[in-house]
Amino acid sequence: MSAGVKPAFAARPGVVLDQAAAELFERTFREGMDLIAEVSAYLDGIGRLESRRLSREAAADYAAESMRLTTRLMQVASWLMVQRSVREGETRPEAAAEARYRLGHPSAPRLSPRIPETLASFSRRADRLFERVSRMDRQMYVEVELAANPVASHLERLRSAFAG
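Everything numeric in this text was worked out from a predicted model, so none of it was measured. (Residues numbered from 1 in each chain as written. Predicted model: local features only at pLDDT ≥ 70, side-chain atom pairs only at ≥ 80, totals over all residues. Heavy atoms only, no water.)

A separate point is the environment of Thr118. With respect to the helices and strands, Thr118 occurs in helix H6 (residues 117–140). Put simply, Thr118 and Glu50 are 68 residues apart on the chain and 9.7 Å apart in space, counted from C-alpha to C-alpha. Ignoring anything within four residues of it in the chain, the contact list for Thr118 reads Tyr42 and Glu50. (Helix = DSSP H or I, 4+ residues; strand = E, 2+ residues; numbered from the N terminus. Contact = heavy atoms within 4.5 Å.)

Structure representation (C-alpha cells):
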C-alpha cells in the first residue's frame, strides 16, 4: 500500500447477499451452532472430568487448547450471526465489511499429544469449519485501498507542529 492510503475491506453486496442466502451458508450456520453446543456440553461435562485426571503438563495443554477452541468457535459464530443479519436485512453488506465484523487470522494449530482425543477431535472440526467460513468471507469481501482523508491528515500535521 502506498503512503496516505489505508487498507479496508469492501462488501460485494450482490455476492454477500447471494452467499448469505445460499444453502451452503445455512448448512454452515447449523454446523457451527451445533458444534458450539457439542463443545460446550463436552467442556462442561465429560471434558471437565477428563481434565481432572490429566498430569499437570497435560492439564495446561488442555486449558490452552480449550481456550483456543472456544475463541475460534466464537469468531465463527460472530461472523455467521453478522451474515445472517445481512440476509435478514438488519445489517447492510457494507457495514458487515468493517474490520470489527471480519474473521481474525487463524492461530496455528499444534495439538498436544497429551490432550484427550475428544478435545483434539473438536479442535480439528473447528479448524475445518473456520477455514470454510474464511473462504466464504474472502468471496464476500475484498480488500480495497481507501485514500486518506486530506483534511484529517492536514489537521494532524498542524496538531503535531504546534504540540510543542
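It is worth spelling out the side chain of Ser85 at this point. Along the chain, the position of Ser85 falls in helix H4 (residues 56–87). In this structure, Ser85 is in contact with Glu90 and Thr91, ignoring residues within four places of it in sequence.

Glancing now at the side chain of Glu50. Its location among the elements puts Glu50 in helix H3 (residues 46–52). Here Glu50 is buried and forms no salt bridge, its nearest opposite-charge partner Arg53 lying at an N-O distance of 5.5 Å. Not counting residues within four places of it along the chain, the set of residues in contact with Glu50 comprises Tyr42, Pro116 and Thr118. (Buried < 20%, exposed > 50% of the residue type's maximum accessible area, 1.4 Å probe, protein only. Lys, Arg positive; Asp, Glu negative; His and termini not counted. Salt bridge = Lys/Arg side-chain N within 4 Å of Asp/Glu carboxyl O.)

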